[in-house]
Amino acid sequence: MVAGQQDHRSNAYALMENPHNIRNLCIMAHVDHGKTSLADNLVASNGLISQRLVGRIRYMDSRKDEAERGITMKSSCVSLAYSKGDEKYLINLIDSPGHVDFSSEVSTAVRLCDGTIIVVDVIEGVCAQTKVVLQQAWVENIQPVLVLNKIDRLILETKLSPIDCYYHIAQVLEQVNAYMGELFNTTVLGKTAEEVERRQQAERERKHSERKISESETAPEAKQIFSDWGIDQVDDSDFYFTPEQGNVVFASAYDGWGFSIAHFAEQFANKLGMNRTVLNKTLWGDYYISSKGGEKKIMRGARDKRKNPLFVSLILENLYKVYDTVMSKKDNIEIEKLAGCLGVKLPVHVIKSTDLRAKLNVLCNKWLPLAPAILEMVVEHLPSAASISKERAMKLMCSATQRFDSLPEKSQELQNAFVKCSSDENAPLIVYVSKIFCVPRKHFQDEKSEGNKGLYGQNVMSSISEEEMAKRREEARRMKEAATGNSDGSDSRGKELSSEEMAEYLRQQQEKLADKEREREEKQKFLEEEVFVAFARVYSGVLKPGQKVYVLGPKHDPRKIINMLDNGELTEEQLKDNIHVHIGQVKGIYLLLGRELEPLECATAGTVIGITGLEDQIIKSATISSTPVMPAFTELTQNSTPILRVAVLANVKDLPKLRAGLKLLNQADPCVQVSLQRSGEYVIVTAGEVHLQRCIDDLQERYAGVPIKVSDPIVPFRETIIEKPKVDRLNEAIEGENVNTKVEDEDPLGRVEINSSTGRLLCRAVPLPESVTKLLDQYKDLLYLITNKAGSVVAGENISETVVESNGMEGKPDLESTRKAQENLSSVTLKAMSELRSQLDKAFKEAGSEWENAVNEIWNFGPDGCGPNILLNRIRAYKRPSIWDKATAIDSPLAAYDTNFITGFQLATAAGPLCEEPMMGVCFIIEDWSLPQKESDTKQYGISAGQIISLSKDTLRKAFEKQCQRLMCAMYSCVISVTSEVVGKMYNVIGKRQGRIVSGDITEGSTSWNVTAYLPVIESMNFANELRKSTSGEAIPQLVFSHWEVLDVDPAWEPQTTEELAHWGEKSDSENIAKNYINSVRKRKGLATDEKIIEYAEKQRTLSKNK
């Protein structure tokens, strides 16, 4: 039975006390596969909405744009009560989006859950986002169950026969299990033999104990029947979705019905006089009923003997009869008779209704109610909130790159708190906030509009003390000294600022404070109408309103504050300089009911709740604890890369409102990135076009409340080089008579040599092998660790002292701290580093003899120390260790400038010469580097760090320009499902936008095509709308960032070969798409372009006469 709405709150209080009866789960699926309709059915079972509104009200979608677009854009939670026998359960259900632009919302939901419901549309099958959510569930170690939805479409739309419907469903189920097998195999291959053996032994012991229990419960006659029919009693694995295990539900969320195999096994056991356990094993599969000899037996081999399987004869044929009677025959007498046979009593108004679908909904919902089938599967097959394993707790507390035993001992002890999931008063409080969202204040039952007044209304300008003003004067003095070049520190402390300078400084400070005050006022106005609610789960302890807690940022490291603890606590004075730890006070705790919130007196371990009062301490996500030694939770798994960026503008008078609104947007959206560019532009980065539109709407209507101008999308590019082409643009080989007429005599290798007062540098740029570039791009996080923690070269003592004396440079880096950072790396990370090195070595060797030993000559990666570009050291006089080796000191004059040279490399790769975009797939080989020598001494001149940086950066850029330069475009992977009638129109739209088709196959048993294409991100603007218009709304694309692709057009192309000159002439006016892209980027950045007002004088026309 299911609880009603009137005692929902009291039931929730009682159920929260037992974490073993709490289930935290989310619904995940591809877009339009029926998640929200399924959630409506479950919400209706608790009486929060009427059953008649299921599938139409979309209760979990509360935003206006969600209703207009018909898709879910945010994760929202509802707490439900469910009873099975004497046991009562609390189900915290989270509905997540299926659109790829909002996959970050899925990540916030998955982190708070122990299980998930995967919904699959049986018509479309396993789609792109279905694989993504399955992988996400696998990575986060949460248990999935499966709902095969929209079976009604197989009956009404495709009009398949019952037997064809069965085979189609079986094929979809096999697709899901095949992908789960891929995930399993990938994981097993990545583990060591000891880990695999340990897991297999634990699995064998578990199955052995379960088998003993099942054998003791199985009737003797059932054992005999099983042995006679050859059915294997041993359960292969709980890993796959199999209907006989009960982790699969067949459903139609729109019509409100659903069932598991166990439901019909119980019904037909009495009617057929068969054992329920036997029916449960044979209702799904290649079994049929034989009546030979007057005795009914279940036999194997239905397909070979052309018999209908039990699933068809006992389930689907009855289901088809219901649909045929209601939707085709439309005879009320027949419908009443059918309802009587099914044990359903239809109300008179339903029988008389002319709405056939509503009549079908009532009949099916009473015959095969969907909510009990789903909730029963949830409580039986998904783990409780108290079943967190030590392995999962370790993954939540410590990232894979760090060793768990490197954490302080007090932090390691908190692992037991996750496993115990205790609500004792003395248990440590551990809460994770996955995101913050805004709720209109009218949805709160206990707060009035004055709830947050006074929080931000204090006069900031009057709160500045004399001590603070003295500090600011000192800062202004230092800034003035830096500007005038007085850095010797002689006796400048005694100098005071003049009255004019002080007046100007105070005026600037007043303006800054006034802007800050206006921003605070705007935030206060916003909070008078909206409330920030933290979406959180309590893992241990009890959380109460008014409680003071530590709010730990994502980068909090307990090792840095362990020595500051005083009786296990930190004072506010100690936290002034720590930006990752704050002390906050919980204002309210709420039970989440979809669109509504109900206040709670406390939240115990295992519950999913909403928290208010911490909006000043939390930006996107945070860890809340009663102890500061709790490490921050590991970062969320993000499946979408924010790549679409725009600049937002407002009137000058509205700038404080815009700034305040951007801060609120950045705080409330888990995926958006907000930044201030050097040019003064405010830029927001989003996951896609739909996400961008939602952010702009929120910014204008909720957060800023002012008109906003949005620039054209700022799409990133990459710059690269390629080998010299062997064919021209006409695909003619460049040889014989078809030679390049404009080739200049130069170094064939493209070497660049610089001789200056800062030394001599000889280098060249070569394109990296494609396999190497892919590896570097794939393992960015690992490269960052290698660069920052695995190899730092410093100068020896003699060299270091010489450099400090002559140049005034700071001392050498702390070698001991670098080595200590290496020791904290986990064995998994060290193994991953070793494997990456082996893979790179293999890729280099396969690329040719010129790359021999290249992996041991790697100096650094760039840009940012983790990019897909390499700096190789082939300097004979400077044998520094490669980046893979441990940190060390070298007695070489060049070692003192090692870091400066790397900085120049990082700057060069961060902004290429084409349009100041980052480089990709470029290797810079340094063949010689030497410093100038004095005639009378062997010590080097006093060369500053900036001179070495400039030398490195400028020389590397020149080496890049010597090669064949190309632009790289960001590419979307576009997955589209369309019918056969509009496939041609879809191909036309993709072709117009420089896209290309990768694959296109017709879905077996239907007329729909699944097409995969690659589309440049810069050409994707308004692509979805154009595609919908061209296909009459039948094609809906899913765009997700895929890779970077070289645009095979020379940006500076001119006719050069004999064939090109003959075809185009010397002044070709054909469009150069690469040059257009580069000019658009350079214009946006304020760089010079080579566009001419008059391109060709002989082709002018009189504009006034339009000739």
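Computed from a prediction, not measured in an experiment: that's the story for all the values here.

Looking now at the overall build of the chain. Counting secondary structure elements, the chain contains 34 helices and 33 strands. Out of the 1107 residues in the chain, the part that is buried amounts to 50%. Expressed as a percentage of contacts within the chain between residues at least 6 apart in sequence, the contacts between residues at least 24 apart total 76%. Taken as a whole, the chain presents about 53500 Å² of accessible surface, with 48% of it coming from carbon and sulfur.

Turning to helix α2 (residues 35–44), a few remarks are in order. Of all ten residues in α2, ten are buried; the element is thus mostly enclosed. Listed in full, the buried residues belonging to α2 are Lys35, Thr36, Ser37, Leu38, Ala39, Asp40, Asn41, Leu42, Val43 and Ala44.

Under the counting rule described, the total for this entry stands at 31 salt bridges. Where glutamate 157 meets arginine 153, a salt bridge forms, and the shortest distance between an N and an O atom there is 3.1 Å. Classification of glutamate 157 by relative accessible area gives exposed; the value is 52%.

Further remarks concern the packing of aromatic side chains. Within the structure shown, the criterion is met by 26 aromatic pairs. When the ring of tyrosine 432 is compared with that of phenylalanine 633, the centres are 4.7 Å apart and the planes differ by 25°; the resulting orientation is stacked. Residue tyrosine 432 is located in strand β10 (residues 430–440), and its partner phenylalanine 633 is located in the loop between β17 (622–625) and β18 (644–649); the two are separated by 201 residues in the primary sequence. For phenylalanine 633, a relative accessible area of 5% translates into the label buried. Ring geometry for phenylalanine 905 versus phenylalanine 924: centroids 6.2 Å apart, planes at 80°, classification edge-to-face. Within this pair, whereas phenylalanine 905 is found in helix α29 (residues 898–910), its partner phenylalanine 924 is found in strand β29 (residues 922–930), the two being separated by 19 residues in sequence. You can call phenylalanine 905 buried: its relative accessible area is 0%.

This part covers the packing of helix α22 (residues 655–668) against helix α23 (residues 689–703). Two elements in contact, α22 and α23, have axes whose closest approach is 10 Å; the angle formed by their N-to-C orientations is 125°. Between α22 and α23, the angle is such that the two are oblique. In this structure, the crossing between α22 and α23 has a hand that is right-handed. The residues of α23 that touch α22, namely those facing Leu658, Gly661, Leu662, Leu664, Leu665 and Ala668, are Cys695, Leu699 and Tyr703. Looking at the contact of α22 with α23 residue by residue, the classes come out as eight nonpolar, one polar and no charged.

The next subject is the sheet that holds β18. Here we have four strands laid out as an open sheet, ordered β19-β20-β18-β21, and antiparallel in their pairing. Each edge of the open sheet is held by one strand with a lone partner, namely β19 (673–676) and β21 (709–710). Relative to β21, β18 runs antiparallel, the two being bridged by two bridges. Within β21, the residue paired with leucine 649 across the bridge is lysine 709. Helix-sheet contacts for α22 involve β18, β19 and β20 (682–686), and the interaxial angle to β20 is about 25°. Where α23 meets the sheet, its contacts fall on β18, β20 and β21, and the angle it forms with β20 comes to roughly 135°.

Before going further, it helps to spend a moment on the side chain of glutamine 1038. Note that glutamine 1038 resides in strand β33 (residues 1038–1047). Judged by relative accessible area, which is 4%, glutamine 1038 ranks as buried. Side-chain polar atoms of glutamine 1038 contact the backbone nitrogen of valine 100, separated by 3.3 Å. Leaving out residues up to four positions away in the same chain, glutamine 1038 has contacts with His30, Val31, Gly98, His99, Val100, Gln129, Ser973, Cys974 and Val975.

Over its 14 residues, α22 extends 20 Å from the first C-alpha to the last, a length consistent with the 20 Å expected when each residue adds 1.5 Å. Across the 14 residues of α22, eleven count as buried, placing the element largely inside the fold. Taken as a whole, α22 has its buried residues at Pro656, Leu658, Arg659, Ala660, Gly661, Leu662, Leu664, Leu665, Asn666, Gln667 and Ala668.

The strand order β23-β24-β29-β27-β26 describes an open sheet built from five strands, whose pairing is mixed. Since the sheet does not close on itself, it has two edges, and those belong to β23 (752–756) and β26 (858–862), each with one partner. Going across the sheet, the axis of each strand differs from the next one's by a mean of 20°, ignoring polarity. As defined by bridge partners, β23 adjoins strand β24 (residues 759–767) across five bridges and the pair is classed as antiparallel. If you follow valine 752 over to β24, its bridge partner there is cysteine 763. Here α29 sits on the sheet and contacts β24, β26, β27 (869–873) and β29; the angle it forms with β26, its principal contact strand, is near 40°.

This paragraph deals with unusual backbone geometry. Residue glycine 862 is joined to proline 863 through a cis peptide bond whose omega torsion reads -5°. If you trace the backbone, proline 863 turns up in the loop between β26 and β27. In the Ramachandran plot, asparagine 141 falls in the positive-phi region, its phi being about 60° despite a non-glycine side chain. Mapped onto the secondary structure, asparagine 141 falls in the loop between α5 (128–139) and β5 (143–149). Judged by its relative accessible area of 34%, asparagine 141 is partly exposed. The backbone phi angle of cysteine 421 is positive, close to 50°, even though this residue is not glycine. If you trace the backbone, cysteine 421 turns up in the loop between α19 (415–420) and β10.

As a further point, take the confidence of the model for the chain. On average, residues of the chain carry a pLDDT of 78, and 77% of them reach 70 or more. This stretch, residues 447–464, has a pLDDT under 50; its non-local contacts, to residues over four places away or in other chains, come to 35 contacts. In this model residues 935–940 is a low-confidence stretch, pLDDT under 50, and it forms eight contacts with partners more than four residues away in sequence or in other chains.

Another point: the nonpolar core. One finds Ile374, Ile611 and Ile684 to be the most contacted residues of the largest nonpolar core, which totals 106 residues. Sequence-distant contacts of isoleucine 374, that is, excluding residues within four places in its chain, are made with Leu38, Leu42, Ile117, Val147 and Val249. The next biggest cluster of nonpolar side chains, apart from the first, holds 105 residues, and it includes Ile142, Phe250, Val322 and Val608.

Attention shifts here to the pairing of strand β12 (residues 548–552). Every regular strand shows the same layout, with side chains that alternate between the two sheet faces. With four of five residues buried, β12 lies mostly within the body of the structure. Here β12 runs beside strand β13 (residues 581–585); their pairing, made up of five bridges, is antiparallel. By the bridge assignment, tyrosine 550 is partnered in β13 with isoleucine 583. Pairing of β12 with β17, which is carried by three bridges, proceeds in the antiparallel orientation. Note on β17: the bridge partner recorded for tyrosine 550 is serine 625.

What follows covers the environment of serine 711. On the secondary structure map, serine 711 appears in the loop between β21 and β22 (717–722). In this structure serine 711 comes out as partly exposed when scored by relative accessible area, which is 25%. Sequence separation between serine 711 and valine 646 is 65 residues; the distance between their C-alpha atoms is 5.7 Å. Setting aside chain neighbours within four positions, we find serine 711 in contact with Val646 and Ala647. Side-chain polar atoms of serine 711 contact the backbone nitrogen of alanine 647, separated by 2.8 Å.

With that settled, consider the packing of helix α12 (residues 310–329) against helix α13 (residues 332–341). Interaxial distance between α12 and α13 falls to 9 Å at its minimum, and their mutual angle equals 155°. Between α12 and α13, the interaxial angle falls into the category roughly antiparallel. Relative to α13, α12 is oriented so that their crossing is left-handed. Contacts from Lys321, Val322, Thr325 and Val326 of α12 reach α13 at Glu334, Ile335 and Leu338.

You can see glutamine 638 is positioned in the loop between β17 and β18. Each C-alpha atom, one on glutamine 638 and one on valine 106, is 8.8 Å from the other, the two residues being 532 residues apart in sequence. Beyond its immediate stretch of four places on either side in the chain, glutamine 638 contacts Ser104, Ser107 and Pro670.

The next point concerns the side chain of asparagine 280. As for its position among the elements, asparagine 280 is in helix α11 (residues 276–282). We classify asparagine 280 as buried; its relative accessible area is 17%. A distance of 3.1 Å separates a polar atom in the side chain of asparagine 280 from the backbone oxygen of glutamate 244. Excluding residues that lie within four positions of it along the chain, asparagine 280 makes contacts with Glu244, Ile261, Ala262 and Ala265.

Calculation criteria
- Per chain, residues are indexed from 1 in the order of the written sequence.
- Residue-level local features of this predicted model are given only where pLDDT is at least 70; pairs of side-chain atoms are given and counted only at 80 or more, and the full residue set underlies all totals for whole chains, interfaces and linings.
- By convention in this description, side-chain values take in all heavy atoms of the structure and omit both hydrogens and water.
- Working definition: helices are DSSP H or I runs of at least four residues, strands are E runs of at least two. Numbering for both runs from the N terminus.
- Buried, partly exposed and exposed residues are distinguished by accessible area as a fraction of the type maximum, computed with a 1.4 Å probe on protein chains only: under 20%, between the cut-offs, and over 50%, respectively.
- Residue contacts follow a heavy-atom distance rule, with two residues in contact if any of their heavy atoms lie within 4.5 Å.
- We get accessible surface area from the Shrake-Rupley algorithm with a probe of 1.4 Å; when it comes to residues, only the shown protein chains can shield them.
- We define a salt bridge as a contact between a side-chain nitrogen of Lys or Arg and a carboxyl oxygen of Asp or Glu at a distance within 4 Å.
- Any Phe, Tyr or Trp ring, taking Trp's six-membered ring, that has another such ring centre within 6.5 Å forms a pair; planes under 30 degrees apart are called stacked, those over 60 apart edge-to-face, and the others tilted.
- Axes, fitted as lines to C-alpha atoms, cover a helix only where it is in contact. Angles between the N-to-C directions of the axes lie from 0 to 180 degrees.
- With respect to orientation, any angle under 35 degrees is reported as roughly parallel, any angle over 145 as roughly antiparallel, any angle of 65 to 115 as roughly perpendicular, and every other angle as oblique.
- In a left-handed crossing the near helix is turned counterclockwise from the far helix by less than a right angle, and in a right-handed crossing that turn is clockwise.
- When residues are sorted by character, Ala, Val, Leu, Ile, Met, Phe, Trp, Tyr, Cys and Pro go into the nonpolar class, Asp, Glu, Lys and Arg into the charged class, and all the rest, Gly among them, into the polar class.
- At least two DSSP bridges between two strands are required for those strands to pair.
- Residues adjacent in sequence count toward polar contacts only when both atoms are side-chain atoms; beyond that, a polar contact is any pair of N or O atoms within 3.5 Å, and within protein one must be able to donate a hydrogen and the other to accept it.
- Multiplying one less than the number of residues by 1.5 Å gives the expected span of a helix.
- Known as pLDDT, the predictor's per-residue confidence is scaled from 0 to 100.
- Among buried residues, the Ala, Val, Leu, Ile, Met, Phe, Trp, Tyr and Cys ones that are joined through side-chain atoms within 4.5 Å form a nonpolar core.

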